[in-house]
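# Summary of structural features
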Amino acid sequence: MVQVAVLGYGTVGSGVVEVLEKNKEKINLRANEELEVKYILDLRDFPGDPYEAKVVHDAELILNDPEVKVICETMGGIEPAYTFSKRALCSGKSVCTSNKELVAAHGPELLRLAKENQCNYLFEASVGGGIPIIRPMNYSLTAEEIDSIIGILNGTTNYILTKMDKEGADFEDVLKEAQEKGYAEKNPEADVEGYDACRKIAILSSLMTGKFVNYQDIYTEGITKITAQDFRYAKAMNKSIKLLAMSKETPDGYMAMVSPCLIDCDHPLYSVHGVFNAVFVHGNMLGDSMYYGRGAGKLPTASAVVSDVVDCARHLGKTVTCIWEEEGVRLIDFEQSKRRFFVRVKKEGMDKAKTLFGFSDIIEVMEDEFGFLTQVMTEAEFKEKAGKLPEMIDRIRVEE
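Calculation notes
Residues numbered from 1 in each chain as written. Predicted model: local features only at pLDDT ≥ 70, side-chain atom pairs only at ≥ 80, totals over all residues. Heavy atoms only, no water. Pairing = 2+ DSSP bridges. Helix = DSSP H or I, 4+ residues; strand = E, 2+ residues; numbered from the N terminus. Expected span 1.5 Å × (residues − 1). Buried < 20%, exposed > 50% of the residue type's maximum accessible area, 1.4 Å probe, protein only. Contact = heavy atoms within 4.5 Å. Axes fitted to C-alpha atoms, helices over the stretch in contact; angles between N-to-C directions. Parallel < 35°, antiparallel > 145°, perpendicular 65-115°, else oblique. Left-handed = near helix turned anticlockwise from the far one by under 90°. Nonpolar A, V, L, I, M, F, W, Y, C, P; charged D, E, K, R; others polar. Polar contact = N/O pair within 3.5 Å; in protein donor to acceptor, adjacent residues only side chain to side chain. Salt bridge = Lys/Arg side-chain N within 4 Å of Asp/Glu carboxyl O. 1 Å grid on protein atoms, 1.4 Å probe; cavity = no way out; pocket = protein on both sides within 12 Å on 5 of 7 lines; lining within 4 Å. Points joined across faces, edges and corners; volume = space filled by probe spheres on them. Phe/Tyr/Trp six-rings, centres within 6.5 Å; stacked < 30°, edge-to-face > 60°. Lys NZ or Arg CZ within 6 Å of the ring centre and 35° of its normal.

### Description of the sheet that holds strand E1 (residues 2–7)
The strand order across the open sheet formed by 6 strands is E3-E2-E1-E4-E5-E6, and the pairing between neighbours is parallel. Two strands bound the open sheet, and with one partner strand each, they are strand E3 (55–56) and strand E6 (121–122). With 2 bridges connecting them, strand E2 (residues 35–41) and E3 associate as parallel partners. Directly across from Leu41, in E3, lies its bridge partner Val56.

Structure, rendered in structure tokens:
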């Protein structure tokens, strides 16, 4: 029997216990071991809960119990999750986590500790919720040189942008609706400003390169400036707007960013709507592959955590290989990354805009302004030209 402890009995933690119990027979068969939750750590009591007898308030009971072999860390945040995870790994207990913030900040260190102590640090649920992506990158795609990852990695922002696209609604109105439906937090900053997606693409970028990509080095822009008018232009061009998190290998080095982008109707991510997420991966041998599903939620995320628990039970005393070194990757200067831009300009700025950007075709969907697509240029070149065009209303990057 493999004894399991759950740290944090919130949405995901309670989901982990539910999945382990509801699918117990199949899970035990696949793990080739009987799995049992021995402890649930939380500051609160849960009177009437079917597992209230397993709830404890002192982490030392778990960390010092030699019977506990696998810990599910579903607390979120850096501390005390970081300290508990380190201590668990140093004592030979495997840790499975959904904590993207912790993985993005300390993943390589915790992986090293797991290897040194012949246990595992697994984090399938930290990116994409229930979408399998970490395991495919560590197992299924090991023959590949992955040179590009582009993802819709946040369900809240994708829900908001989908509603704006389909209904012509304004950002603030859709955000309020998303909060009422429970798709957005009361404080939605981490989602709508792109911070959540940034940490996720940092993790995927690190697995792609095999080295540490610091999320603080990734250019990040959210969706708060996207308007209903932007979507009118997108429709006129047969495109849509998505918050994309991407990492690419370029001739000059690795580039990573999170930003709203215009994508064409034939792009694989165009049809990813609502709270769904998707990760689009390109390898030099396989070519394109895409992983799609619910990127968040109690049971999808818990299912991913439990899949890691099964992996740990299968590999007791052994470490599952994950190449993510502590050495950092130097990303290219974002100002030198190249792309096209869609630009909206007031009508009175047309002559100046033509002189600066040299475009030939314009898109008109409103009386007092127009839009156009630039040629490929660096971020720095665009910034310089835009600085000379006070009539510019907005710009959106184009992903092709």
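### Quick word on helix H1 (residues 11–22)
Compared with the 16 Å implied by 1.5 Å per residue over 12 residues, the 16 Å span of H1 between its first and last C-alpha is a close match. If you check which residues of H1 are buried, you get Val12, Gly13, Ser14, Gly15, Val16, Val17, Val19 and Leu20. Buried residues in H1 make contact with E1, helix H2 (24–31), E2, strand E4 (68–73) and helix H12 (298–314).

### Points about the packing of helix H5 (residues 100–116) against helix H10 (residues 195–209)
Relative orientation of the contacting elements H5 and H10 amounts to 45°, with a least axis distance of 9 Å. Judged by the inter-axis angle, H5 sits oblique to H10. For the element pair H5 and H10, the recorded crossing hand is left-handed. Residues Lys100, Glu101, Val103 and Ala104 of H5 form the contact with H10, whose participating residues are Asp196, Arg199, Lys200 and Ile203. Looking at the contact of H5 with H10, its residues break down into 3 nonpolar, no polar and 5 charged.

### Quick word on the environment of Val365
Inspection of the secondary structure assignment puts Val365 in the loop between helix H13 (350–357) and strand E14 (369–373). On a C-alpha basis, the gap between Val365 and Glu109 in space is 52 Å, while along the polypeptide they are 256 residues apart. When near neighbours in sequence (up to four residues on either side) are disregarded, Val365 contacts Arg232, Tyr233 and Ala236.

### Brief notes about the side chain of Ser126
Among the structural elements, Ser126 can be located in the loop between E6 and helix H6 (134–140). Among the residues examined, Ser126 registers a relative accessible area of 1% and is labelled buried. Within the structure, the side chain of Ser126 is placed 2.7 Å from the backbone oxygen of Phe123, a separation counted as a polar contact. In this structure Ser126 touches Thr97, Ser98, Asn99, Lys100, Val103, Lys200 and Ile203, once residues within four positions along its chain are discounted.

### Quick word on the pattern of salt bridges
On inspection of all chains with the given rule, the structure shows 30 salt bridges. Of the charged contacts in the structure, one is a salt bridge between Glu167 and Lys163, with a shortest N-O distance of 2.8 Å. With Glu167 and Lys163 both in helix H7 (residues 155–167) and 4 residues apart, this pair spans about one turn of that helix. One salt bridge connects Lys235 with Asp165, and the closest N-O pair in it is separated by 3.0 Å. Residue Lys235 is located in helix H11 (residues 228–236), and its partner Asp165 is located in helix H7; the two are separated by 70 residues in the primary sequence. Three or more residues joined by partner-sharing salt bridges are found here, namely Glu221, Arg339, Glu379, Arg395 and Arg397.

### What to know about unusual backbone geometry
Residue Glu79 is joined to Pro80 through a cis peptide bond whose omega torsion reads 5°. Along the chain, Pro80 turns up in the loop between E4 and helix H4 (81–90). Even without being glycine, Gln118 reaches a positive phi, approximately 55°. Here Gln118 is to be found in the loop between H5 and E6. By relative accessible area, Gln118 is classed as exposed at 53%. In this model, Asn238 sits at a positive phi of 60°, which is unusual for a non-glycine residue. The residue Asn238 is located in the loop between H11 and strand E9 (239–250) in this model.

### Here we look at the layout of surface pockets
Roughly 1,200 Å³ of internal volume is contained in the largest pocket. Of all elements in the fold, only H1, H5, H7, helix H9 (189–192), H10 and H12 reach the threshold of two or more residues within the lining of the largest pocket. Broken down by element, the lining of the largest pocket gets its largest block of residues, 4 residues, from H10. Volume-wise, the second largest pocket comes out at about 390 Å³. Mapped by element, the contributors of at least two residues to the lining of the second largest pocket are H6 and H10.

### Here we look at the packing of H7 against H11
Orientation of H7 relative to H11, taken along the N-to-C sense of each, is 65°, at an axis distance of 9 Å. Overall, the two elements H7 and H11 adopt an arrangement that is roughly perpendicular. The two elements H7 and H11 meet at a crossing, and its hand is right-handed. Here H7 contributes Leu161, Met164 and Asp165 to the contact with H11, which in turn contributes Ala228, Phe231 and Lys235. Its residues assigned to classes, the contact of H7 with H11 shows 4 nonpolar, no polar and 2 charged.

### Some words on the packing of aromatic side chains
Each pair of aromatic rings is reported with the distance of its centres and the angle of its planes. Taken as a whole, this structure holds 13 aromatic pairs when the rule is applied. An aromatic cluster of at least three residues, connected via ring pairs, comprises Phe341, Phe357, Phe359, Phe370, Phe372 and Phe382. Its end group placed over the ring of Tyr215, Arg199 keeps NZ or CZ at 4.4 Å from the ring centre.

### Here we look at empty space enclosed by the protein
Here the structure, examined in full by the defined rule, presents 1 cavity of 30 Å³ or more. By volume, the largest cavity amounts to about 140 Å³. Lining the largest cavity are 18 residues; nearest its centre among them are Tyr121, Leu122, Ile134, Asn138 and Val320. Elements supplying a minimum of two residues to the lining of the largest cavity: H5, E6, H6 and H12. Its residues assigned to classes, the lining of the largest cavity comprises 10 nonpolar, 4 polar and 4 charged.

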